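Observations on the three-dimensional arrangement
If you want the building blocks of each chain, they are given just below.
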Amino acid sequence: MTASNRRSTDRRRFLAGLTAVSGVAVAGCSSFPWIDETNGSFPVSEVASVLSPPAPRIDGPVPVRPDASAIETALERVDELVAPIPNPLTVEAVPNGVVRESIADARNEAGESRAEAADATGPALYHALRGLRGGRANARQAITTWSAIDDETLAADLVDEYSELQPRVRDQRTSLAYRGNATDDELFRSALYYSRLEAALDRAIGSLGQWEIDEGATVIDTGEAAADLESAAATASGWEHFADRYEATLDEPIDLEPILRGALERCVDYADGVAFPAQDDDWFDEIGVGDINETYLEHILWRTGNAVTDERERMETSVSDGDLGTGLYHAVRFEQAFRTFAVVRDRIADGSVSLPETLADVRDERKAAIGAAETARDALTDPSPGALALAETSQRLEWADQSVRRVADADSDAVTSLNSEYGDYVRVRASLEVLPEAVDAFRSRVLEG
């Protein structure tokens, strides 16, 4: 088969797959009904109206609950670290204003994390223990910066601590074994658990891999270096506790590795069969669009397509690395991304997505995204990679809201465009609308073995 013939075959396979998930026949399509790109400029003083009603808060799913005693231990660690620091921190105590501010900011952030975690109950204890990693790191930064003002030996002590901590975290990662119960729901809970475990330990290992401190380190440098070590130590101890608690929930556990690996390989095979075209100069032709002008709508479509490629690559990397939990998480994100692309593409094609001319255009898109989030929340209640995808997609809605808030807080006499925020709402809305169907497809692929 020639390269040209292969390319035509791949394009037909892609378009067939796109039609299957979108319900729209696109083969032969050569142009979109583009509208005039003259879009609205809105008074900054009115932009905040876009943010009503408030978006729902959707917390991440909980694969395992910690003991309350683990939270207490982490809270005590925060208290122990900050206790020696004078409060208030005066000029007499720390004459250098930059250093004083660094200590105070780190201590205040530690206190905020502590207060939030201390109020947690029930399922929120899982998020509280994970969040206290940051609280411990900030507390350690504050006390180390404070102590380093008078103690020049701290840098050497940190090097010794690093030498002990790095192999501990690496051993924790390499000794990971996939275990769980055999029921369908438990399989998906296990996939979620291992995806979070892999991500947490990989983040700690990556941080330690870049860790260094030299003889010329300032007291602030020393405090930040200590914070990195504390964060990694909190990750290690936190997931050691989670591992114990997870194991305690298992009833006659089995080795899940062959099951999870087979499921992930099926997901990869499906993604390869989609034959999503490479995003090169011919990409718009390959997806059945044809020539279009350089517009922000083109940018939205490009970014939406980029997510498909990214999730497929992450899934394939997870297979080669043996990160089965992470790979299955990216498998459900691929299912979501591919369907999102189909929806966004079709909405642009039929004119229902265009550059916003009024604030109502932006507000309506956001309201539709909120409705889709609530629908998906009601459909995805069990701890699973799909529920995690919901939480993280909903976070993107909050990020878009934050961008609108920043605009609203600017000079009230100015005018602004909300093209970027509108594009974010378009993509998030589609991502939330397709998620239940994407999760169903993912579950079917995982369970077909």
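Parameters at a glance
Residues numbered from 1 in each chain as written. Predicted model: local features only at pLDDT ≥ 70, side-chain atom pairs only at ≥ 80, totals over all residues. Heavy atoms only, no water. 1 Å grid on protein atoms, 1.4 Å probe; cavity = no way out; pocket = protein on both sides within 12 Å on 5 of 7 lines; lining within 4 Å. Points joined across faces, edges and corners; volume = space filled by probe spheres on them. Helix = DSSP H or I, 4+ residues; strand = E, 2+ residues; numbered from the N terminus. Nonpolar A, V, L, I, M, F, W, Y, C, P; charged D, E, K, R; others polar. Domains from an automatic or database assignment. Contact = heavy atoms within 4.5 Å. pLDDT = per-residue confidence, 0-100.

1. Quick look at the layout of surface pockets
Of the pockets and cavities examined, the largest pocket occupies roughly 1,300 Å³. Lining the largest pocket we find 48 residues, and of these Tyr126, His127, Ala128, Arg130 and Gly131 sit closest to its centre. Those elements that provide at least two residues to the lining of the largest pocket are helix H3 (68-82), helix H4 (97-118), helix H5 (124-148), helix H7 (184-209), helix H8 (219-248) and helix H14 (385-408). At eleven residues, the largest contribution of residues to the lining of the largest pocket is made by H5. Classifying every residue of the lining of the largest pocket by side-chain character gives 22 nonpolar, 13 polar and 13 charged. For the lining of the largest pocket, the domains that each give at least three residues are domain 1 (48-59 + 256-448) and domain 2 (68-254). Estimates place the volume of the second largest pocket at around 280 Å³. As for the second largest pocket, its lining consists of 14 residues, and the residues nearest its centre are Arg303, Thr304, Ala307, Arg396 and Arg427.

2. Let's talk about the environment of leucine 192
If you trace the backbone, leucine 192 turns up in helix H7. Sequence separation of leucine 192 and proline 383 is 191 residues, and the distance between their C-alpha atoms is 7.0 Å. Discounting chain neighbours no more than four positions away, the residues touching leucine 192 are Pro61, Pro63, Pro383, Ser384, Pro385 and Leu388.

3. Looking at the confidence of the model for the protein chain
Model confidence for the protein chain is summarised by a mean pLDDT of 90, while 90% of its residues fall at 70 or above. Between residues 1-9, whose pLDDT stays under 50, and residues either more than four places distant or in other chains, the model counts four contacts.

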